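# Fold and contact review
Below are the chains, spelled out letter by letter.
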Amino acid sequence: MVTEYTATARAHSNIAFIKYWGNREPGIRLPANSSLSMNLAALHSTTRVTWSEALAEDSLMINEQPAAPAAFLRVRAHLDTLREELGSTLYADVASKNNFPMGAGIASSASAFAALTVAATIALGLRLPERELSALARRGSGSAARSIPAGFVEWRAGGADKESYAETIASPDYWPLEDVIAVISPDHKHVGSTAGHASANTSILQRARVESAADRLESAKQSVLARDFEALAPVVEEDSNLMHAVMMTSKPSLFYWLPKSLRIMLAVREWRHQGLQVCYTLDAGPNVHCICGAEDAAAVAARVKELDSDIEVIRSSVGGGAQIMNVNDRIG
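Below you will find a few notes about this structure. This one's a predicted model, so the numbers in the text were calculated from it and none came from an experiment.

Okay, the packing of aromatic side chains next. To describe a pair of aromatic rings, one takes the distance between the centres and the angle between the planes. Evaluated as defined, the whole model comprises 2 aromatic pairs. Consider the rings of Y20 and W155, whose centres lie 4.7 Å apart with planes at 65°: the pair is edge-to-face. A residue pair is termed long-range when its members are at least 10 positions apart, and Y20 in the loop between β1 (3–18) and β2 (23–25) and W155 in strand β8 (residues 152–155) qualify at 135 residues. With 6.4 Å between their ring centres and 75° between their planes, W175 and F229 make a pair best called edge-to-face. Note that W175 is positioned in the loop between β9 (166–170) and β10 (177–183) and F229 in helix α6 (residues 229–248), a separation of 54 residues in sequence. Each member of the pair W175 and F229 is classed as buried.

Let's shift gears to the pattern of salt bridges. Per the counting criterion, the structure on display carries 18 salt bridges. Notably, a salt bridge pairs K97 with E64, separated by 2.9 Å at the nearest N-O pair. One end of the pair, K97, is in strand β7 (residues 91–98); the other, E64, is in the loop between β5 (59–62) and β6 (65–66), and 33 residues separate them in sequence. Looking at K97, the relative accessible area reads 43%, which means it is partly exposed. The class for E64 is exposed, based on a relative accessible area of 54%. One network of salt bridges, in which partners are shared, links E85, R138, R139, D161 and K162.

Turning next to helix α7 (residues 259–273). An ideal rise of 1.5 Å per residue puts 21 Å on 15 residues; α7 measures up with 22 Å between its terminal C-alpha atoms. S261, I264, M265, A267, V268 and W271 are the residues of α7 that are buried. G275 lies just past α7 and shows a positive phi near 115°.

Definitions and limits used
Residues numbered from 1 in each chain as written. Predicted model: local features only at pLDDT ≥ 70, side-chain atom pairs only at ≥ 80, totals over all residues. Heavy atoms only, no water. Phe/Tyr/Trp six-rings, centres within 6.5 Å; stacked < 30°, edge-to-face > 60°. Helix = DSSP H or I, 4+ residues; strand = E, 2+ residues; numbered from the N terminus. Buried < 20%, exposed > 50% of the residue type's maximum accessible area, 1.4 Å probe, protein only. Salt bridge = Lys/Arg side-chain N within 4 Å of Asp/Glu carboxyl O. Expected span 1.5 Å × (residues − 1).

Encoded structure:
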């Protein structure tokens, strides 16, 4: 008789208004500063985890293909963390699917590790509080902490492992914003976020960015709660620019922007001057997230295509939190 414990979960990607870049304790991904984000309803990862007595090692499929070695090692490390935290000795078979490009600066690791964490815990019959799930997901990918709660989310840096978690500050329907993503390149970025976080402190700008992050977060948070786009836009753009300035001045330097990225960024500022509710932000990649008032999202998407018809556009409203899709214990 072989006992298996299986569950499937889904989690959404998120886009940060106030960025996470750099860790105080890299081993457990304690962030250098707190951050603020919005979940993306249209972008998600769906992950099935099967813990089984019959398995002699972990396995991983991503989008129905065997995972690359680096991805497998990262997931296996997170499964080791979960085994230690949850008191299990079982190995797991993991299958994950994303409905958007991976490793391109659209937070695929956030949704993937959030879904993995929820599925893995639920499969073992554990219904952990949201804060605990968020802190656990953070251990696999820092921004995954923000994909556990719903809507507009604040990730508290905290002073210790269990104190660093994310929580909802406003529900998905609180403010009808949209993210119009200009996909400059769907290719996997040349330097991953984990390596970028590790080099953040080599920039002379990182200390200033971190020390001023709390003020920007409070400004952005109050703008969200007041539904004040005019106040939100400049702080979102400033924070994005500061993160990329740190990247560009790190050793070795990281340049994620491409010429088309800068072209759209400049255009977004002009569109806002013309009266559209839109601002830009970029994660660790060349793709430009155009945060819009819902009433202006169609116009922004059309203008992006007018700039360059080859740019793929993905639109998303504000998304919910991680959710359980299926639970199925089997004895064979």
